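Chain and residue survey
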Amino acid sequence: MKSTHRSTRRHNRTLLACALASCMLLAAPQVLAQSTSATIRGQVSADSTPAGGATVTATNLATGLTRSVQSTGNGSYSLNGLPPGSYRLDVTANGQTSSQNITVQIGQTATVNLGVGGVAETAPTGEATDLATVTVTAPMVVETKTSEVATYVTQKQIEALPQASRNFLAFADTVPGMIFETGSDGTSKLRGGAQNSNGINVFIDGIGQKNYVLKGGVSGQDSSSGSPFPQLAIGEYKVITSNYKAEYDQISSAAVTAVTKSGTNEFEGHFFWDYTNDGWRQPTFAEEKGDFKVPSKEEQYGASFGGPIVRDNLFFFVTYEAKEIDRPRTVRLGTSNFDPAYLTPEILSYLGAANAPFKQDNYFGKLTWQAGDAHLVELSAKKREETEITGVGDGPNVPSYGTAKTNDSTRVDLRWQWSGMSWLNDLHLTSEDDEWSPRPITMGPGRSIRSTLANQNDGDTLLNIGGGRDFQDKGQKGESIQNDFTFTGLEGHTIKAGIKYKSVKINAFEQQPYNPQFRYDLGENIDAGRTAIDDFIPWDVEFGAPLPGIGDRNISSRNKQYGIYLQDDWEVTDKLTLNLGIRYDYEETPGFEDYVTDPGLVAALRGWSNVHGPNVDYDIEDYISDGSNRKPDKNNWAPRLGFSYDLFADQRHVIFGGAGRSYDRNLFDYLALEQSKSTFPGYRYSFNTPDHPCTVGTGTCVAWDPAYYDPANLYALVAANPNLGAEVFMINNDLETPYSDQFSLGMRNTVTVWNHDWNTSATIAHVRSYDGVVFALGNRWPDGSYRDPAFPDATWGHQPWDFGIPGYGRLLVGDNGIETKLNQLLLSIDKPYSEESPWGGTIAYTYSDAKENRLNAANNDEHFTFDYPNLDGLPFITSVGIPKHRLVATAFGDFWGMTLSSKLTLASPNPKDSTNCYNTTSTDNCYFDSFIADETIGFKQLDIALQKTWNTGTDLSFYVRGDVFNVFNWKNYTDYDNWRGTPGAPNPNFGNRNGVGTIWPPRMFKLSFGLDW
């Protein structure tokens, strides 16, 4: 019986969207918002009476930017589109005036009630400040009345807290529900909830940095040790883990919205340099085991400068940051399954120390023009250039087998804000050009030395030398226009509406494997008297070959993206606020929609009896494209509802919650597979050797000849029938867009302890994500079954790996199917830093119950499944990589001319994937599940930093700083035995540590020096 789950799910989500959308459209006229600007709103009173027609003016204390509005009949006012910073608020009502200073943060809606004639304001008051004054006291207003599950990361935290990478996203893990992951190879990524990093989107100055092709969520963050943006250019940012407003798009987990620095009326500059090397760190666990230490170093340096070109009118800001890393790697045998007598001096010579160099240059520049009170124009540009060697060491890959990768990005944004007394228009014109290009270091045959002592067909890898596999050229290049409009002229409502159009060319060129990969049986060759690897005879080769007659094999698509949204932030009473929003997005991907399945393949599929008949669980016609039967998914309505209730109308005790839907997008890297695999298919041939005999001339068995080291001779093997053995990828014509449904309920409180205000938050969140893309085996047994029909229990029996498409090879079919579900408890405590109270701290605790339905979850980033024909009806298992408990605590303060800071991270063990053959009746029935190592704490790290600053009595100051990471040299292990055993024979070492991999860094000291002027 064929599955009907797809149409059922589409129907349900349409009903939900339409029902919620109808409610909102009845409640609000047309609208819009900005994700980086701040809003100050409240009520004006004169002599304790609401003052309609009062004039409220906000003046930026650093740049002189002014915005003015008039209060409505009941005295309410709203100042929108304010760049985050410190402001003087001047109010004039009934001939009386008053002033006060406040500081607002990115994306914040601050409620400040103003008064003249002796009325007390609800915001912290400060002395009205002359703009020529250098020192400004402007208390920060805390936002408590948002329905979003959101937390701020301030400039003080970025400057003070210990941090090794200068990746500004690293501070996001101080937010409950967020994890900033650093791998053992130094690469990093940000993730939220139960989803992988693909669900993230980062907005910089209101523009999304989404990666449309590759994993990682953020452009350029797939497998990178670099930073997506120069940290010196980041002013502050806000992290929203769920229930964001309708302005946020292309996202299904967490949103990070950051604002960049601008020049001010003061010339200001900063220079920094920091450094560490192998002499300033403890050996890694691998180095301890090998009794050596690999030479290594990390050096980072940069500068920024900004100021006025025309005072109060035109400003500039520029910055440059560089990062140079020589990170230690260890080449070690990939298995312990071998006879030590076979290890020749040549093999042993490859083992030991290696390095993986990395270099990044990050540039940013910005011009800001305040063309009068009603106009603000900004032109900004970022350029990132990155080179890196990857795939070396920490396993069997010797340096020659590694990959040289470039990772470049250029983005430009022209922004114009135009405001009136009751409205604000925010227009962005942007361009982007991102390129990601890995190449093999060595162009030539790759050689994999294998141990086959356990009678495994492929054996276990001992060493990989020679030319590597990876050759890719992927990226995105295009332009966009985005316009947001905010209207505050309707009493009690902040109406927001926006539209976005983007035209972007995305490409996904890939050749895998680029170099032929030969496999050698170590024991067989040594027994035959061949001791030099150059003399070894392989038993097997895997290679890719371009199909004849194919011209441009670069897989590309000129995509069109459309988005529109409507938002009403409705102050129903002074206690109750409703946030009602809806957005709609869709994307045209001609490279996928216009693709035509090769007629020869279509004929083979329609004549392939294995995929026809009553036992087949899918319809092959659903995957055959004629160039007109694929359409964009236009069902992407995303309602978003939120509320907050201020118990005593004083912003100190607020109940909040919400429900909403958010759509992400399908990565082009997945969509391009059916084309890339058909233009450069992979093959595998066997050579007849004594220990790996095959019949020459039968199937893919040939006699060994050294001439096969020349790829042209391998191509000749498949020239007569280029499709024979080629792996075929096909994707469902009715592919839908991944999305998540989010629900939350929580309470924020501001409490006074030790004469200081502390902010607390407790939230319960539930998130379900749907329609992630998964590829499954499309082969079937002759009777149409997925499992061997001769097996007594049809649930088991091995899969039909050897029953491929006649004249071709294996079939893999892609569908929507991956789902996650998450229940979280999010707790946070924050003591804000201020000049009057120069210390602060945060505590973020997350409890996660995360599950997913992919049974070979690997690293929570897997999109293949082979245990079952699809994911329909499969049980949910514990999500890999998401700890049940996670605590991050920070503290920082200024004492005696020094700044001391610390960060403690603790987490329970991460669930890991395992291979389960023990609870089965045959090794043909093995499947994947997850397990948790028997350890109390899975991750622990304490970092501290101490900085001393000297003022020279002029505008110049300098500092010296020391950071110590992983103070107690705690080892956070990554390698565990995940083999549960065979039927009736459990593995006694299952779940135990079995390798030397650990998360970077060991205890390490970093010295920094800086200048400020």
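Residues numbered from 1 in each chain as written. Predicted model: local features only at pLDDT ≥ 70, side-chain atom pairs only at ≥ 80, totals over all residues. Heavy atoms only, no water.

**Notes on the overall build of the protein**
A tally of helices and strands in the protein yields ten helices and 51 strands. In terms of C-alpha radius of gyration, the protein reaches 30 Å, essentially the compact-globule figure of 31 Å for 1013 residues. Within the span of the protein, comprising 1013 residues, buried residues form 58% of the whole. Looking at the protein alone, contacts between residues at least 24 apart form 73% of all its contacts between residues at least 6 apart. In the form shown here, the protein has an accessible surface area of approximately 38400 Å², with 56% of it arising from carbon and sulfur atoms. When the 83 positive and 118 negative side-chain charges of the protein are each reduced to one mean point, those points stand 1 Å apart. (Helix = DSSP H or I, 4+ residues; strand = E, 2+ residues; numbered from the N terminus. Rg over C-alpha atoms; globule rule 2.2 N^0.38 Å. Buried < 20%, exposed > 50% of the residue type's maximum accessible area, 1.4 Å probe, protein only. Contact = heavy atoms within 4.5 Å. Areas by Shrake-Rupley, 256 points an atom, 1.4 Å probe, with all protein chains shown as cover. Lys, Arg positive; Asp, Glu negative; His and termini not counted. Charge placed at Lys NZ, Arg CZ, Asp CG, Glu CD.)

**Some words on the pairing of strand E10 (residues 149-153)**
The side chains of a regular strand alternate, residue by residue, between the two faces of the sheet. Here E10 lies mainly inside the structure; four of its five residues are buried. In the sheet, E10 pairs with strand E15 (residues 234-242) via five bridges, with the strands oriented antiparallel. In the strand pairing of E15, Tyr 152 is matched with Lys 238. (Pairing = 2+ DSSP bridges.)

**A look at unusual backbone geometry**
Note the cis peptide between Gln 512 and Pro 513, where omega equals -5 degrees. Its location among the elements puts Pro 513 in the loop between strand E27 (493-511) and strand E28 (517-521). Here the amide bond leading from Trp 1000 into Pro 1001 is cis, since omega sits at 10 degrees, within 30 degrees of zero. Note that Pro 1001 resides in the loop between strand E50 (985-986) and strand E51 (1004-1012).

**Quick look at the confidence of the model for the protein**
Here the protein averages 88 in pLDDT, while 91% of its residues score no lower than 70. Segment residues 1-34: pLDDT under 50, and 95 contacts once partners within four positions in sequence are set aside and those in other chains are kept. Confidence over residues 123-136 falls short of pLDDT 50; this stretch has 30 contacts with residues more than four positions distant or in other chains. (pLDDT = per-residue confidence, 0-100.)

**Describing the pairing of strand E26 (residues 471-487)**
By the bridge criterion, 14 bridges tie strand E23 (residues 423-440) to E26 in an arrangement that is antiparallel. Counterpart to Asn 425 in the pairing with E26 is Phe 485. As paired strands, E26 and E27 are joined by 17 bridges and run antiparallel to one another. By the bridge assignment, Asn 483 is partnered in E27 with Ile 499. Counted along the chain from E26 to the antiparallel partner E27, the turn is five residues long, and its residue Gly 492 has a positive phi close to 85 degrees.

**Notes on the side chain of Asn 201**
Among the structural elements, Asn 201 can be located in strand E13 (residues 201-204). A distance of 3.4 Å separates a polar side-chain atom of Asn 201 from the backbone nitrogen of Lys 210. A distance of 3.1 Å separates the side chain of Asn 201 from the backbone oxygen of Asp 249, its partner in a polar contact. Non-local contacts of Asn 201, meaning those with residues more than four positions away in its chain, are made with Gly 208, Gln 209, Lys 210, Asp 249, Gln 250, Ile 251, Ala 254, Ala 255 and Val 256. (Polar contact = N/O pair within 3.5 Å; in protein donor to acceptor, adjacent residues only side chain to side chain.)

**Overview of helix H7 (residues 599-606)**
Listed as buried for H7 are Leu 601, Val 602, Ala 604 and Leu 605. All buried residues of H7 project into a common sector of 165 degrees when viewed along the axis, lining one side. Opposite the buried face of H7, by more than 90 degrees, sit the exposed residues Pro 599 and Ala 603. The inward-facing, buried residues of H7 contact strand E36 (728-731) and strand E39 (811-831). By the N-cap criterion, in which a side-chain oxygen at the helix start approaches the backbone nitrogen of a residue two or three places on, H7 is capped by Asp 598, the distance to Gly 600 being 3.1 Å. (Arc of directions from axis to C-beta.)

**Remarks on the environment of Pro 911**
Mapped onto the elements, Pro 911 comes out in strand E45 (residues 911-916). Aside from chain neighbours lying at most four places away, what touches Pro 911 is Thr 878, Ser 879, Val 880, Gly 881, Ile 882, Pro 883, Phe 931 and Ile 932.

**What about the pattern of salt bridges?**
Applying the stated rule across the entire model yields 49 salt bridges. Where Lys 189 meets Glu 181, a salt bridge forms, and the shortest distance between an N and an O atom there is 3.9 Å. When the shortest N-O distance is used, the salt bridge between Arg 661 and Asp 741 registers 2.6 Å. With Arg 661 in strand E33 (residues 653-663) and Asp 741 in strand E37 (residues 739-753), this residue pair connects regions lying 80 residues apart in the sequence. In this pair, the class of Arg 661 matches that of Asp 741, namely buried. Salt bridges sharing common partners tie together Arg 469, Arg 519, Asp 540, Glu 542 and Arg 684. (Salt bridge = Lys/Arg side-chain N within 4 Å of Asp/Glu carboxyl O.)

**Observations concerning the sheet that holds E13**
With mixed pairing, the five strands of this open sheet are ordered in space as E10-E15-E16-E13-E14. Two strands close off the open sheet at either side, each with one partner strand: E10 and strand E14 (207-208).

**Re the side chain of Asp 815**
Locating Asp 815 in the fold gives a position in strand E39. At 2.8 Å, the side chain of Asp 815 and the side chain of Tyr 623 are in polar contact.

**Observations regarding the sheet that holds strand E25 (residues 460-466)**
Strands sit in the order E25-E24-E28-E29-E34-E35 across an open sheet of six strands; the sheet is mixed. Edge positions in the sheet fall to E25 and strand E35 (701-702), since each has one partner strand and no second. Sheet topology places strand E24 (residues 446-451) next to E25; six bridges connect them, and they run antiparallel. Across the sheet, Ser 448 pairs through a bridge with Asn 464, a residue of E25.

**Some words on the packing of aromatic side chains**
Two aromatic rings are characterised by how far apart their centres lie and by the angle between their planes. Applying the stated criterion across every chain yields a total of 48 aromatic pairs. Ring pairs connect the aromatic residues Tyr 501, Tyr 562, Tyr 584, Tyr 586 and Trp 637, which therefore count as one cluster. The ring of Trp 839 has Lys 831 sitting right over it, with the charged end atom 4.4 Å from the ring centre. For Lys 912, the ring lying beneath its charged end belongs to Tyr 976, and the centroid distance is 4.5 Å. (Phe/Tyr/Trp six-rings, centres within 6.5 Å; stacked < 30°, edge-to-face > 60°. Lys NZ or Arg CZ within 6 Å of the ring centre and 35° of its normal.)

**So, the nonpolar core**
Membership of the largest hydrophobic core comes to 33 residues, with the highest contact counts inside it found for Ile 449, Phe 518, Leu 522, Phe 543 and Tyr 683. Listed by contribution, the elements that provide at least two residues to this core are E25, E28, helix H5 (522-527), strand E29 (540-544), strand E34 (682-687) and helix H10 (711-718). Contact partners of Phe 518, with chain neighbours within four places excluded, come to Pro 445, Gly 446, Arg 447, Ser 448, Pro 538, Asp 540, Val 541, Phe 687, Trp 704, Tyr 708, Tyr 709 and Leu 714. Counting residues in each nonpolar core, the second largest holds 28 residues, with Phe 168, Val 218, Ala 233 and Val 239 among its members. (Core = buried A, V, L, I, M, F, W, Y, C linked by side-chain atoms within 4.5 Å.)

**Notes on the environment of Glu 148**
The residue Glu 148 is located in the loop between strand E9 (114-116) and E10 in this model. Linking Glu 148 and Lys 245, residues 97 residues apart in sequence, is a C-alpha distance of 7.4 Å. Residues within four places of Glu 148 in sequence aside, it is in contact with Lys 238, Ile 240, Ser 242, Asn 243, Tyr 244, Lys 245, Tyr 248, Phe 656 and Arg 748. One polar contact links Glu 148 to Lys 238, side chain to side chain, over a distance of 3.1 Å.

**Some words on a nonpolar patch on the surface**
On the surface, Ile 309, Val 310, Leu 367, Leu 379, Val 412, Leu 414, Leu 429, Ile 481 and Tyr 501 cluster together to form a nonpolar patch covering roughly 680 Å² of accessible area. Among the elements of the structure, strand E18 (297-310) and strand E22 (403-419) are those that each provide at least two residues to the nonpolar patch. Position of Leu 367 relative to the elements: it lies in strand E20 (residues 352-369). The exposure class of Leu 367 is partly exposed, given its relative accessible area of 38%. (Patch = residues over 30% accessible without salt bridge, like charges linked within 9 Å, V, L, I, M, F, W, Y side chains within 5 Å.)

**Looking at the environment of Pro 440**
Within the element layout of this structure, Pro 440 appears in strand E23. For Pro 440, a relative accessible area of 5% corresponds to the buried category. Separated by 379 residues in the primary sequence, Pro 440 and Glu 819 place their C-alpha atoms 35 Å from one another. In this structure Pro 440 touches Gly 402, Gly 468, Asp 470, Phe 471, Tyr 514 and Asn 515, once residues within four positions along its chain are discounted.

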